[in-house]
Amino acid sequence: MTSVTRQVPLSSPYIDERDEELVLEVLRSGRLSLGPAIDRFEQLFAEKVGAPYAAAVSSGTAGLHLLCRIAGLGPGDEAITSPYSFVASANCAIYEGATPVFADVDEATMNLDPAAVEAAITPRTKAVIAVDIFGYPCELDPLRELCDRHGLALVQDACEALGAEYKGRPVGSHGPSAVFAFYPNKQMTTGEGGIVTTHSEEEWRLLTSLRNQGRADGGGWLDHARLGFNYRIDDIRAALGIGQVEKLDTILELRRAAAARYAELLAGLEGVELPLADDADHVRSWFVYVVKLDRGVDRERVIDVLASHGVASSRYLPSIHLQAYMREAYGFREGMCPVSEDLSRRTLALPFFTSIGAEDQEYVAEALAQALAAA
Ligand SMILES: Cc1ncc(COP(=O)(O)O)c(C=O)c1O
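Okay, so let's go over this structure. (Residues numbered from 1 in each chain as written. Predicted model: local features only at pLDDT ≥ 70, side-chain atom pairs only at ≥ 80, totals over all residues. Heavy atoms only, no water.)

Before going further, it helps to spend a moment on the overall build of the protein. Tallying secondary structure elements over the protein gives 13 helices and 13 strands in all. Reported as C-alpha extents along the three principal axes, the dimensions of the protein are approximately 65 × 55 × 40 Å. Here the contacts in the protein between residues at least 6 apart in sequence split such that 73% fall between residues at least 24 apart. Of the accessible surface of the protein, which amounts to about 15,400 Å², a share of 51% is contributed by carbon and sulfur atoms. (Helix = DSSP H or I, 4+ residues; strand = E, 2+ residues; numbered from the N terminus. Contact = heavy atoms within 4.5 Å. Areas by Shrake-Rupley, 256 points an atom, 1.4 Å probe, with all protein chains shown as cover.)

Following this line, the structure appears as structure tokens:
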């Protein structure tokens, strides 16, 4: 491998003619928002994850915010969440004036450690926001048990975990309200978009009101029962969502096969640890392919060498509590969550998407081997 023969992106959406047809249908129908494509999308999605109700929203972040509002979070309250996540899983509590509290993660699963969550509970704690990071399901039962015992709301940030299974049933079907996200790097996409699944009809009604400027069920366009938001998805994106849900099984299978191929290609490579394998209770939905570099490997050098071969990679994920705005607002510092911080220094996302081909993956594996030899 002497010159750049390929460019392998980090991610790429998986769109086909059926998606195009469904979007065109909506464009030609004249019903661009608050139309039937949204109802259909919600219905299909709810069935897919085994939840009785789903409310589509403009983004995963919007869905998380609505659940924090419904949980009644406010100034003086604390919400415990994972530092090893995307910022939205902490920001959603801050939007309601609550203070984020970070409990450390488990080194193997990279998800919240229930014992650390329990230790972080104070009289001010009102909610736990648990994340299924990189599509690996979080420890839902222990977290539920401790939330019930302490009277806390549990919000599941499943934005990366569509298709994952916990204890033999899909994430979304277990009871806690869950949020899924559809940015183009996700398993399925609507461009921008998200959805909240819930097992409560009352909560679903509230979600559909809050996302729609607080309009009441059956009320007029200019009747607002409560303070709401414009967190609506539109029918164009919902139509794309329908096409994506229709082929979700195929998408998940292709991603599973791609992950298995990486596992084969990278087996035995010195200097990297591959993603945690599934077990009886946890079946991952493949969102990204993140490896852990051994301590002592120069990650920046690895990234540079990969880039010189046209292979994209990314430092997934920085610890949220160490982001500049978090340090400034709350005085968070290194050492608060040592497991997360250690992971943040050495994890690396490799190119991964539904249509990635064997040749691209072989090329990535070869480039990574060269990068590790140089780092
Ligand atoms: C764990 C997690 N939470 C929340 C979000 C927010 O989703 P969105 O980008 O749709 O607002 C994302 C997506 O990037 C995510 O990965």
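This paragraph deals with the site of the ligand. As a matter of local geometry, the ligand sits amid 14 residues, with G60, T61, D157, E160 and K186 nearest to it. A distance of 2.8 Å is found between an oxygen atom of the ligand and a backbone nitrogen or oxygen belonging to G60. At 2.7 Å, a side-chain N or O of D157 approaches a nitrogen atom of the ligand. With the chains in place, 91% of the 390 Å² that the ligand exposes on its own is no longer accessible. Among the elements that line the shell around the ligand, the one with the most residues is helix α3 (residues 60-70), at 3 residues. For the shell around the ligand, a count of residues per class yields 6 nonpolar, 5 polar and 3 charged. (Near = heavy atom within 4 Å. Polar contact = N/O pair within 3.5 Å; in protein donor to acceptor, adjacent residues only side chain to side chain. Nonpolar A, V, L, I, M, F, W, Y, C, P; charged D, E, K, R; others polar.)

This part is about the sheet that holds strand β6 (residues 165-166). In spatial order, the strands read β7-β6-β11; together these 3 strands make up an open sheet with antiparallel pairing. Either end of the sheet is taken by a strand with one partner, and the two such strands are β7 (169-170) and β11 (282-283). With 2 bridges joining them, β6 and β7 adopt antiparallel strand pairing. Note that in β7 the partner of Y166 across the bridge is R169. (Pairing = 2+ DSSP bridges.)

This paragraph deals with the environment of V297. Residue position: V297 is located in the loop between β12 (289-293) and α10 (299-308). For the pair formed by V297 and D278, sequence separation is 19 residues and the distance between their alpha carbons is 26 Å. Residue contacts for V297: discarding those within four places in its chain leaves G271, V302, L372 and A375.

On the surface, E17, E20, E21 and E25 cluster together into a patch of negative charge. With respect to the secondary-structure elements, E25 resides in helix α1 (residues 17-29). (Patch = residues over 30% accessible without salt bridge, like charges linked within 9 Å, V, L, I, M, F, W, Y side chains within 5 Å. Salt bridge = Lys/Arg side-chain N within 4 Å of Asp/Glu carboxyl O. Lys, Arg positive; Asp, Glu negative; His and termini not counted. Charge placed at Lys NZ, Arg CZ, Asp CG, Glu CD.)

Our next topic: the sheet that holds strand β10 (residues 272-273). Strand order in the open sheet formed by 3 strands is β10-β12-β13, with antiparallel pairing between adjacent strands. Two strands bound the open sheet, and with one partner strand each, they are β10 and β13 (347-350). Examined bridge by bridge, β12 and β13 share 4 bridges and lie antiparallel to one another. Residue V291 lies in a different strand from β13, and its bridge partner there is L348.

Once that is clear, we can look at a nonpolar patch on the surface. A cluster of nonpolar side chains, L24, L27 and L32, forms an exposed patch at the surface whose accessible area comes to about 240 Å². Among the secondary structure elements, L24 is positioned in helix α1. Look at L24 and you get partly exposed, because its relative accessible area is 35%. (Buried < 20%, exposed > 50% of the residue type's maximum accessible area, 1.4 Å probe, protein only.)

If you walk through the whole model with that rule in mind, you get 0 disulfides. Sulfur of C159: no disulfide; nearest cysteine sulfur belongs to C92 and is 9.0 Å away. Free cysteine C337: the closest other cysteine sulfur is in C92, separated by 16 Å. (Disulfide = S-S within 2.5 Å.)

Now for the packing of helix α9 (residues 248-266) against helix α13 (residues 358-374). Running from N to C, α9 and α13 cross one another at 35°; their axes reach a closest spacing of 10 Å. In the packing of α9 onto α13, the handedness of the crossing is right-handed. Facing α9, whose interface residues are A258, R261, Y262, L265 and L266, α13 presents A358, Q361, E362, V364, A365 and L368. Tallied by class, the residues present in the contact of α9 with α13 amount to 8 nonpolar, 1 polar and 2 charged. (Axes fitted to C-alpha atoms, helices over the stretch in contact; angles between N-to-C directions. Left-handed = near helix turned anticlockwise from the far one by under 90°.)

Another point: the packing of α3 against helix α7 (residues 201-210). Remark: α3 packs on α7, axes separated minimally by 11 Å, with the N-to-C direction vectors making an angle of 120°. Taken together, the axes of α3 and α7 lie oblique to each other. Crossing angle aside, the handedness with which α3 passes α7 is right-handed. Along the contact surface, α3 presents L66, L67, R69 and I70, while α7 presents E203, L206, L207 and L210. Here the contact of α3 with α7 is built from residues that sort into 6 nonpolar, no polar and 2 charged. (Parallel < 35°, antiparallel > 145°, perpendicular 65-115°, else oblique.)

This part is about α13. Helix length check: α13, at 17 residues, gives a terminal C-alpha distance of 24 Å against a target of 24 Å (1.5 Å per residue), a fit within 8%. Tucked into the core, α13 has its buried residues touching α9, β10, β12, α10 and β13. (Expected span 1.5 Å × (residues − 1).)

The side-chain alternation of strand β8 (residues 178-181) yields two buried faces, one formed by A178 and F180 and the other by V179 and A181. The pairing of strand β5 (residues 153-157) with β8 spans 2 bridges and is parallel. Directly across from Q156, in β8, lies its bridge partner A178. Strand direction decides the pairing type here: β8 and strand β9 (residues 194-198), joined by 4 bridges, are antiparallel. Residue pairing in the sheet places A181 in a bridge with G194 of β9.

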